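Here is what each chain is made of, one letter per residue.
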Amino acid sequence: LDQAITCALVSVERVIGRRLKTFLHARLAINAPFLESTGYNVQTRSFMGLHYDKYKSYEPEDDACFQLIGLNLGLCERSFCFSRLSPGAVASKRKIHGQEDRSLDDSASGIKSFLQFHENEPIYRITIEPLQAYIAPTQCIIHDGMTNRKGLADVCLFIACQYHDS
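These notes cover the structure that comes with them. (Residues numbered from 1 in each chain as written. Predicted model: local features only at pLDDT ≥ 70, side-chain atom pairs only at ≥ 80, totals over all residues. Heavy atoms only, no water.)

With respect to the pattern of salt bridges
For the coordinates displayed, the defined rule picks out four salt bridges. The salt bridge involving Arg149 is made with Glu36; its shortest N-O contact spans 3.4 Å. Here Arg149 is found in the loop between β8 (143–146) and β9 (154–163), whereas its partner Glu36 is found in the loop between β1 (20–31) and β2 (40–41), with 113 residues between them in sequence. Residue Arg149 is classed as partly exposed on the basis of its relative accessible area of 45%. Taking relative accessible area as the criterion, Glu36 reaches 59% and is therefore assigned exposed. With its nearest N and O atoms 3.1 Å apart, the salt bridge here joins Glu77 to Lys150. (Salt bridge = Lys/Arg side-chain N within 4 Å of Asp/Glu carboxyl O. Helix = DSSP H or I, 4+ residues; strand = E, 2+ residues; numbered from the N terminus. Buried < 20%, exposed > 50% of the residue type's maximum accessible area, 1.4 Å probe, protein only.)

Structure representation (structure tokens):
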């Protein structure tokens, strides 16, 4: 697992042309197939749906969010779903439309309520094939994962990190 993490971090450095600044954590997730959400809330012991990631020791600053690398180690595809809206954009739109202005950093129910009110906001879905990866600023975008529909276990290595600006 250590070699996979190191390989993923070095590969991302090469692709984006930036050096690693901070390594936060890595975890291997094995999920059942047919799940429409892979974001798991350990406090409520439930899948939360669309959400922002929140790290207790780090608050995002504009473009300085931690990046999440999701490396598909399973035998079939998985999906990454996301919105183009940032936490600030969501809060601004909620205020304009008279909705309660509260933090949505870890409130999946607040995001669901916002998306029901703004049902024309698109949610994008990309397919991640086996041994492919994505990198996304998951503190700064609404997102979630979906597992495959082929009946096989979903295996993904997640690495949270931050890269230097240049």
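Description of the sheet that holds strand β6 (residues 124–128)
The strand order across the open sheet built from three strands is β6-β5-β8, with neighbouring strands paired in antiparallel fashion. Whereas interior strands pair on both sides, the edge strands pair on one side only; in this sheet they are β6 and β8. Taken over all neighbouring pairs, the strand axes of this sheet differ in orientation by 20° on average, direction set aside. Here strand β5 (residues 78–82) pairs with β8 via four bridges, running antiparallel. Bridge assignment links Cys81 to a residue of β8, and that residue is Asp144. (Pairing = 2+ DSSP bridges. Axes fitted to C-alpha atoms, helices over the stretch in contact; angles between N-to-C directions.)

Focus: the packing of aromatic side chains
Scanning the entire structure with this criterion turns up four aromatic pairs. Each ring, one from Phe80 and one from Tyr134, has its centre 4.2 Å from the other, and the planes form 25°; the classification is stacked. Here Tyr134 lies in strand β7 (residues 133–136) and Phe80 lies in strand β5, a separation of 54 residues in the sequence. With respect to class, Phe80 is no different from Tyr134; both count as buried. (Phe/Tyr/Trp six-rings, centres within 6.5 Å; stacked < 30°, edge-to-face > 60°.)

Coordinates in, geometry out; function isn't part of it.
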